[in-house]
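Structural features, examined
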Amino acid sequence: MKKPVGDQELVVLRWVAEHGPVTVGEVAEKFGEPQGLARSTILTVMERLRGKGHLTRHKVEGVYQYSSSVPLAELLRGVVGDFVQKSLAGSLSPFATWLSQADEVSDEELRQLEEAVARLKSKKEGEE
């Protein structure tokens, strides 16, 4: 089991998962600079994430390239699962209420939600 990540680590990890494999320099330039983060800060965060098992690195032509150890969808699923367990005591009701009151939901997000509900209904019917 991987160690949990902090807020800043999660933002960097998500960026690497979306854009990887990437070097520390690429993350510092394309992500860190616009956020006001120094290269040394990015390196520290990325190495912390590697130490926790969330990033891997491989040397390519003398430079380390970092990648997320899991696909982005799996990463986000785990983050949401941790949030539901820790912040909502395992209950999806507050999350469902929040979703139902969201001001802006794209057509794609609505489609994904409908598919999720259909999968849940199918699972429930299979259990009965």
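Residues numbered from 1 in each chain as written. Predicted model: local features only at pLDDT ≥ 70, side-chain atom pairs only at ≥ 80, totals over all residues. Heavy atoms only, no water.

**Points about the overall build of the chain**
- The helix and strand tally for the chain stands at 6 helices and 2 strands.
- When the elements of the chain are put in sequence order from the N terminus, they spell out α-α-α-β-β-α-α-α.
- Against the 2.2 N^0.38 benchmark of 14 Å for 128 residues, the chain shows a C-alpha radius of gyration of 18 Å, more extended than a compact globule.
- Along the longest, intermediate and shortest principal axes, the C-alpha atoms of the chain span 55 × 30 × 25 Å.
- The proportion of buried residues among the 128 residues of the chain is 20%.
- Here the contacts in the chain between residues at least 6 apart in sequence split such that 50% fall between residues at least 24 apart. (Helix = DSSP H or I, 4+ residues; strand = E, 2+ residues; numbered from the N terminus. Rg over C-alpha atoms; globule rule 2.2 N^0.38 Å. Buried < 20%, exposed > 50% of the residue type's maximum accessible area, 1.4 Å probe, protein only. Contact = heavy atoms within 4.5 Å.)

**Side note on the nonpolar core**
- Grouped together as the largest cluster of nonpolar side chains are 17 residues, with contacts concentrated most on V12, V16, V27, I42, M46 and L55.
- Counting only elements with at least two residues in this core, the list comes to α1 (7-19), α2 (24-35) and α3 (39-51).
- Apart from the residues within four sequence positions on either side, I42 is in contact with V12, V24, V27, A28, F31, G32 and L37. (Core = buried A, V, L, I, M, F, W, Y, C linked by side-chain atoms within 4.5 Å.)

**Remarks on the packing of aromatic side chains**
- Here the structure, examined in full by the defined rule, presents 2 aromatic pairs.
- Geometrically, the ring pair formed by W15 and F31 is tilted, given 6.0 Å between the ring centres and 40 degrees between the ring planes. Taken together, the residues span a long stretch of sequence, with W15 in helix α1 and F31 in helix α2 at a distance of 16 residues.
- Its relative accessible area of 8% is what places F31 among the buried residues.
- Seen in terms of ring centroids, F95 and W98 are 6.1 Å apart; in terms of plane orientation they differ by 20 degrees. Their pairing is stacked. (Phe/Tyr/Trp six-rings, centres within 6.5 Å; stacked < 30°, edge-to-face > 60°.)

**Quick look at a nonpolar patch on the surface**
- Taken together, the side chains of V105, L110 and L113 define a hydrophobic patch exposed on the protein surface, amounting to about 220 Å² of accessible area.
- Along the chain, L113 falls in helix α6 (residues 107-127). (Patch = residues over 30% accessible without salt bridge, like charges linked within 9 Å, V, L, I, M, F, W, Y side chains within 5 Å. Areas by Shrake-Rupley, 256 points an atom, 1.4 Å probe, with all protein chains shown as cover. Salt bridge = Lys/Arg side-chain N within 4 Å of Asp/Glu carboxyl O.)

**Notes on the pairing of strand β2 (residues 63-68)**
- Two elements, strand β1 (residues 55-60) and β2, share 6 bridges in a ladder whose sense is antiparallel. Pairing of V60 across the sheet is with V63, part of β2.
- Between β1 and β2, which pair antiparallel and follow one another directly, the connecting turn spans 2 residues, one of which, E61, has a positive phi of 50 degrees. (Pairing = 2+ DSSP bridges.)

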